Amino acid sequence: MSPYRLGNLELRNRLVMAPMYSRLCDQHGGVTQKLIDYYAARAQGGVGLIIVEYSYIDDKASHALVGQLGVYEDPLVPALGDLAEAIHEQGAKTVLQINHAGRCTTSRIIGRQPIAPSACWNLAGTELAREMTSEEIEEIKAAYADAAYRAKLAGFDGIELHGTHGYLLAQFYSPHFNQRADMYGHDRALFPVEVVKKIRDRVGSDFVLGYRMTGEEYIPDGIKPESALHLAQRLEEAGVTYLHVSAGLQETIEDFIAPVYCAAGALVPLAEKVRSAVGVPVIAVGAIHDPDLAEEVLREGKADLIAVGRALIADADLATKIGEGQAETIRPCVRCMEGCVNRQPLFLDQRCAVNPEVGRERDLKIIKAAAPKRALVIGGGPGGMEAAASLAARGHQVTLIEKEAELGGLLRFAAVPAFKKELRTYLDYLKGEVARQGVEVHLSQTATAERIRDFSPDAVVVATGSSFKDPGIKGIGAPNVAWVIDILAEKVPVGKSVVVAGGSAMGCEVALHLHRQGKAVTLVEMLPELAIDLSGVVRPSLLKLLGETDIKILTGHRLLEIGPGGVMLSGPDHLSVEIPADTVALAFGLAPNTDLATQLTGSFKNVYIIGDCVAPRKIYDAIHEGAFVG
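Cut-off values and rules
- Residues numbered from 1 in each chain as written.
- Predicted model: local features only at pLDDT ≥ 70, side-chain atom pairs only at ≥ 80, totals over all residues.
- Heavy atoms only, no water.
- Phe/Tyr/Trp six-rings, centres within 6.5 Å; stacked < 30°, edge-to-face > 60°.
- Buried < 20%, exposed > 50% of the residue type's maximum accessible area, 1.4 Å probe, protein only.
- Helix = DSSP H or I, 4+ residues; strand = E, 2+ residues; numbered from the N terminus.
- Expected span 1.5 Å × (residues − 1).
- Contact = heavy atoms within 4.5 Å.
- 1 Å grid on protein atoms, 1.4 Å probe; cavity = no way out; pocket = protein on both sides within 12 Å on 5 of 7 lines; lining within 4 Å.
- Points joined across faces, edges and corners; volume = space filled by probe spheres on them.
- Nonpolar A, V, L, I, M, F, W, Y, C, P; charged D, E, K, R; others polar.

> What should I look at first to understand the packing of aromatic side chains in this one?
Aromatic rings in a pair are described by how distant their centres are and how their planes are angled relative to each other. Applying the stated criterion to the full structure yields 9 aromatic pairs. An angle of 75 degrees between the planes, with centres 4.9 Å apart, marks the rings of Tyr38 and Tyr39 as edge-to-face. Like Tyr38, the residue Tyr39 is buried in the burial classification. Ring plane angle 75 degrees and centroid distance 5.3 Å describe the contact between Tyr54 and Tyr167, whose orientation is recorded as edge-to-face. A residue pair is termed long-range when its members are at least 10 positions apart, and Tyr54 in strand 4 (residues 49–56) and Tyr167 in the loop between strand 10 (158–163) and helix 5 (168–173) qualify at 113 residues.

> Where do I start with helix 7 (residues 190–203) in this structure?
Two residues of an α-helix separated by three or four positions point the same way, owing to the 3.6 residues in each turn. Relative to the 20 Å expected for 14 residues at 1.5 Å per residue, helix 7 spans 20 Å between its end C-alpha atoms, a close match to the ideal helical length. Leu190, Phe191, Pro192, Val193, Val195, Val196, Ile199, Arg200 and Val203 are the residues of helix 7 that are buried. Gly204 occupies a position one or two residues after helix 7 and carries a positive phi of about 90 degrees.

> Looking at this structure, how should I read helix 15 (residues 421–436)?
If you check helix 15, its first and last C-alpha atoms are 22 Å apart, about what 16 residues at 1.5 Å a residue would give, namely 22 Å. Three or more residues of helix 15 are buried, namely Glu422, Leu423, Tyr426, Leu427, Tyr429, Leu430, Gly432, Glu433 and Val434. Looking at the packing, one finds that the buried side of helix 15 touches helix 13 (382–393), helix 14 (411–414), strand 17 (440–442) and helix 21 (619–629). Note on helix 15: the residue one or two positions beyond its end, Gly438, has a positive phi of about 80 degrees.

> Where do I start with empty space enclosed by the protein in this structure?
Rolling a probe over the atoms, with the probe sized like a water molecule, indicates the empty space that remains. The final tally for this structure, using the stated rule, is 2 cavities of 30 Å³ or more. In terms of lining, the largest cavity is formed by 14 residues, of which the most central are Cys333, Cys336, Cys340, Cys352 and Ala353. Looking at the lining of the largest cavity residue by residue, the class counts come to 10 nonpolar, 1 polar and 3 charged. Looking at the second largest cavity, its volume works out to about 40 Å³. Lining the second largest cavity are Arg374, Ala375, Leu376, Gln397, Val398, Thr399, Phe455 and Pro457.

Okay, here's the thing in structure tokens:
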């Protein structure tokens, strides 16, 4: 939280909002009110510096995706000025990230063949990017400089060059993508250095000029940590104000946007290496969501500033809450990727599983109710807790009834594996919000229609969730059979060998959890693939973890029967397969608990049904539905 001098800027603290593709601009890359509201909320939340997302520099071939921000022509400057002004009005400084996609786009998006330092496949692997001509290299250097100058005209405090994740500047420096025979191939740092110099000549010495660089590409013939240090020194000599160290390529996005299954802060060692080699400030990034981890990185001198991305999507007030010593009130990012990343391929607006206000900051603010009413929430899972806290925040009198002895619903069990630390933190946050908002909680009590009538509520929110139902498999009642939630709750003993039946995300996670406890695990799924309920980069990250173990995986196998010594399966060839096991863990069969909702519908005027009792889905759905009701 200490102030920091960055070039000629006085930052109020060392927290930086990392640049992230929000899809909140218009179809031509112009600033919208939604975009202004989104960034203004983060500035108001106390962050020191905001790096506004990827902005493409020309209207020819520089944007990677639909819905990216543009800085390619002068008519865009006034609205960009409105954005910079809105950020400044809330006390934050701001730089605009400018970029050219190079090969990381398609002709479908840009209307022409992508370009690259050397001919290579584009990001999608669907077409060849052609080698740039010498004339195009000069044109693009000029486009970078023009874009930087437009940012200065708009009132930004500086610009950041996007020189990582396999975009054009990184392509020029990577041996994998640059096999040119001219001077730009013999000296792969030349193009990035010349771009920096060209911009510096155009904007002057006082304008902040940052460079987001690659610490490592994680491919055999890509940028290595040693070569990254050489580029860092060259960039410092050329006049950059700071270096922002990330890593990886667009093909392996999990390397720089780590899902919950990957370690937090994994890129910090790369930033530390760069900081040891240069004299300019260095920004560390990469799932540094825990304030204690961020503080540790700074105190140990591994970086000068901390860039936070998804954590600021989850809670715009992150910095203020840290500064006021209220870290327990931070709404934590659970690194699920549902709203921020997995919607990108569909070009849908930025959203967040745990923060329904994202992209709708103007419309979904909590406003005190003109006439407070009595609300009854049935079910204390994530949807019920979110609804209760939102209702109470608006001033309503809220009572929450939960049949179990603890709030949390199925989230209590999903949060058990060690690699789901963020989910445990989020569960604690939701419980804390219910308490902080003054919700009256009744635990270990069952809600009936008669009891609900006794409360005389003005509205009833039914959030009774889902539960595992008997699938009718022979032997399911045997003592060696247990539902996964009972195993995660440690209600039942688990033998040395376990068959986990059900290869959804839950089954995969339980298999990993038991394997890490030293169990011999066989994972069985009747479909051809595992974890098909996950999407985006989250699924391959989970499958990679499974692949690094000796868990036996049987896809295309149906559970036929359970016996005292194991299970009988039907394989892809319809032949029976017997698998011995001490314990059989069932990870399938979730069905909505609809009984109460059915009873109440038609008996009460204002009944809202949310979450898994509508249908078993993801935490995104439960939280958003709960918030909307509130």
